[in-house]
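Residue-level structural notes
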Amino acid sequence: MQLRLSLLLLCVLPTVVFTWKQGCISKPVGFGYRTTGGAGGKTVTPRNTNELKNYLASNQKLIINLDRTYDFTNSEGWATTTGCYFQKCGSGFQESLAHAGTCNGKKSTTVKYAKAGTTELLVGSNKSIVSYNGKGAIKGKGLRIKDAQNVIIQGITISDINPEVIWAGDALAFDNVKNVWIHKCTFKRIGRQHLVSYQKSNTGITVSSCLFDGTSSNAAFCDGKHYWVWLFWGTHDEITLFNNRVVNTAGRTPHTGGWSKSWNFVHLIGNEFDTNPHTGIEPKLGANILAEGNYFIKFANPYDPFNSKGGHLALINDGNQAAKCKKYFGQNCKINKYSGCVVKTWFDESVLSQFSKLDRNAINGARNAECEV
C-alpha cells in the first residue's frame with residue numbers, strides 16, 4: 001500500500017539543537033555487521049603512494065595504517081579536453097567532461113583536470129584501511145572496492161578529487177562487493193559522487209558515523225553546496241547509512257535505482273542532514289528506501305518531488321507509520337525529526353514488506369544501536 005501526499009506541511013517546531021555522536025558505536029551495525037576486514041593479518045604502513053596502491057590491491061589479509069596524506073593529484077599528469085559548463089550561473093560553477101550525455105545542449109568549454117582522479121585505487125578482499133594517528137588521508141584519487149569482500153575503511157579522509165569537474169572522479173565506489181564497513185571517515189571536495197555503487201550486486205554494506213561535507217567552491221548550482229553525493233544503482237544493493245552527518249548538499253542523498261535492472265535496498269537511519277536548499281532523497285525505478293530516525297535541518301525537500309519516478313520510499317514521519325513497522329520487524333520504526341524546514345510525506349508500505357524479506361538482525365540492529373536514533 002502506498003500513501004504519497006504532495007501536501008506541504010509547514011514546520012512549526014521550535015529550533016532543535018542536535019548533537020552528533022560520531023563515536024557512539026565501535027562495531028558495525030546494519031547490513032555490514034558481519035564485516036571483520038583484515039583482522040588477523042599483518043599491519044603495514046605505506047611509505048608512499050606506490051606502496052599504498054600495491055597494499056590495497058594485494059590478495060593478502062592486511063591492516064593498512066595510513067599515517068599521513070597520500071597525495072595522488074599530480075601523479076598521472078593533467079589533461080585538457082572539450083567539455084561543457086554544467087550550469088554557468090555566476091562564479092563557483094562546475095564544468096563537466098562530455099560523458100553519458102551530460103553536455104548535450106550545454107555550452108562547450110575547455111576543461112582541465114588531473115588524470116589521477118578519473119580512476120580509483122583498487123581495493124581487494126580482507127583489508128582494514130585505518131589511521132591510528134588520525135592523520136590518514138587520500139587526496140586526489142578515490143577508492144574502488146571491486147570483486148571483493150570483507151573490507152573495513154575507518155577514520156580516514158578522502159578529498160580534493162577534481163572538485164571543479166563532473167565525471168572527473170568519485171571518492172568511494174562499490175563494484176560487486178560483499179561485507180563492507182565504512183566508519184568515521186570524512187569525504188569532501190569531490191567532483192562527482194562521494195559514494196557510488198555500480199551495476200552488480202553490492203550487499204552487506206554499512207556506512208556509519210561519516211562526515212559528508214558538501215561545502216565546495218565549485219557546485220552544480222553555484223551556491224557552494226555539492227549535488228553529486230550518493231548514487232546507488234546495483235542489480236541488488238543492501239546498504240545501511242547510519243549516523244552519518246551530511247552537510248551543505250544539494251541532492252542525491254541518495255539517488256537510488258533508475259535503470260531497468262536496479263533493485264536496491266537502502267536503510268537511512270539516524271543520519272543528520274543539515275542544510276540543503278534543493279532536494280534530498282531520489283527514489284527511482286528499482287529503489288526501496290526505508291528512512292527512519294533521521295534529522296532534517298534547514299532542508300528544503302527531504303525527497304525530490306520532480307525526479308523521483310518508479311521508486312519506493314517509506315519516510316517515517318509519524319507514530320502511525322512507525323507502528324506499522326511492528327508487523328514486519330517485530331518493533332516500531334523510529335520517527336524522522338525536522339527543524340527549520342518544510343515537511344513532505346511519502347509513505348509506501350511496500351518498502352516495509354520488501355525489507356522484511358531481508359536479514360532482520362541487520363535492520364533491527366541498526367535501529368537498536370545506541371546513537372541518536
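Definitions and cut-offs
- Residues numbered from 1 in each chain as written.
- Predicted model: local features only at pLDDT ≥ 70, side-chain atom pairs only at ≥ 80, totals over all residues.
- Heavy atoms only, no water.
- UniProt positions renumbered as here; feature names shortened; annotations may be inferred.
- Helix = DSSP H or I, 4+ residues; strand = E, 2+ residues; numbered from the N terminus.
- Rg over C-alpha atoms; globule rule 2.2 N^0.38 Å.
- Buried < 20%, exposed > 50% of the residue type's maximum accessible area, 1.4 Å probe, protein only.
- Contact = heavy atoms within 4.5 Å.
- Areas by Shrake-Rupley, 256 points an atom, 1.4 Å probe, with all protein chains shown as cover.
- Lys, Arg positive; Asp, Glu negative; His and termini not counted.
- Charge placed at Lys NZ, Arg CZ, Asp CG, Glu CD.
- Phe/Tyr/Trp six-rings, centres within 6.5 Å; stacked < 30°, edge-to-face > 60°.
- Disulfide = S-S within 2.5 Å.
- pLDDT = per-residue confidence, 0-100.
- Salt bridge = Lys/Arg side-chain N within 4 Å of Asp/Glu carboxyl O.

Per an unreviewed UniProt entry, the protein chain goes by the name pectin lyase and belongs to Frankliniella occidentalis. Among the UniProt annotations of the protein chain, the heading Function (unreviewed entry) holds the following wording: "Pectinolytic enzymes consist of four classes of enzymes: pectin lyase, polygalacturonase, pectin methylesterase and rhamnogalacturonase. Among pectinolytic enzymes, pectin lyase is the most important in depolymerization of pectin, since it cleaves internal glycosidic bonds of highly methylated pectins." Here the protein chain is described in UniProt, under the heading Catalytic activity (unreviewed entry), as follows: "Eliminative cleavage of (1->4)-alpha-D-galacturonan methyl ester to give oligosaccharides with 4-deoxy-6-O-methyl-alpha-D-galact-4-enuronosyl groups at their non-reducing ends."

**A few points about the overall build of the protein chain**
For the protein chain, the helix and strand inventory stands at 4 helices and 30 strands. A compact globule built from 373 residues would reach a C-alpha radius of gyration of about 21 Å, and the protein chain, at 20 Å, matches this within 12%. Along the first, second and third principal axes, the C-alpha set of the protein chain runs to 55 × 55 × 40 Å. Within the protein chain, the fraction of its 373 residues that count as buried is 60%. Within the protein chain, contacts between residues at least 6 apart in sequence are counted, and of these 74% link residues at least 24 apart. Within the structure as shown, the protein chain displays about 14,500 Å² of accessible surface, and the carbon and sulfur contribution to it stands at 48%. Here the protein chain carries 42 positive and 26 negative side-chain charges, and the mean point of each set is 2 Å from the other.

**Thoughts on the UniProt feature "domain: Pectate lyase" (unreviewed entry) in the protein chain**
Following the UniProt record, the feature "domain: Pectate lyase" (unreviewed entry) maps to residues 92-302 here. For residues 92-302, helix accounts for 0% and strand for 52%, while the C-alpha atoms at its two ends are 25 Å apart.

**Quick word on the packing of aromatic side chains**
Going through the model one piece at a time under the given rule, you end up with 15 aromatic pairs. Taking 5.6 Å as the distance between ring centres and 80 degrees as the angle between the ring planes, the aromatic pair formed by W263 and F265 counts as edge-to-face. A relative accessible area of 32% places W263 in the partly exposed class. Residue F265 is classed as buried on the basis of its relative accessible area, which comes to 2%.

**Description of the state of the cysteines**
Under the definition given, this model contains 4 disulfides. Across the disulfide from C24 sits C371; the S-S distance is 1.7 Å. The chirality of the disulfide connecting C24 with C371 is right-handed, given an S-S dihedral of about 80 degrees. A residue pair is termed long-range when its members are at least 10 positions apart, and C24 in the loop between β1 (2-10) and β2 (42-44) and C371 in the segment after α4 (360-368) qualify at 347 residues.

**With respect to the side chain of H183**
Among the structural elements, H183 can be located in strand β14 (residues 172-183). The class for H183 is buried, based on a relative accessible area of 1%. Setting aside its immediate chain neighbours within four residues, H183 contacts Q22, I25, I153, Q154, G155, S208, S209 and C210.

**With respect to the confidence of the model for the protein chain**
Overall, the predicted model of the protein chain reaches an average pLDDT of 94, with 95% of residues at or above 70. The least confident element of the protein chain, judged by mean pLDDT, is β1 at 42; the most confident is strand β10 (residues 137-139) at 99. With pLDDT under 50 throughout, residues 1-14 is counted as low confidence; its partners more than four residues away or in other chains account for 34 contacts.

**Let's talk about the pattern of salt bridges**
Applying the stated rule across the entire model yields 12 salt bridges. With a closest N to O distance of 2.4 Å, E51 and R47 form a salt bridge. Here E51 falls in the buried class, since its relative accessible area comes to 16%. Its salt-bridge partner being R245, residue E272 comes within 2.5 Å of it at the nearest N-O pair.

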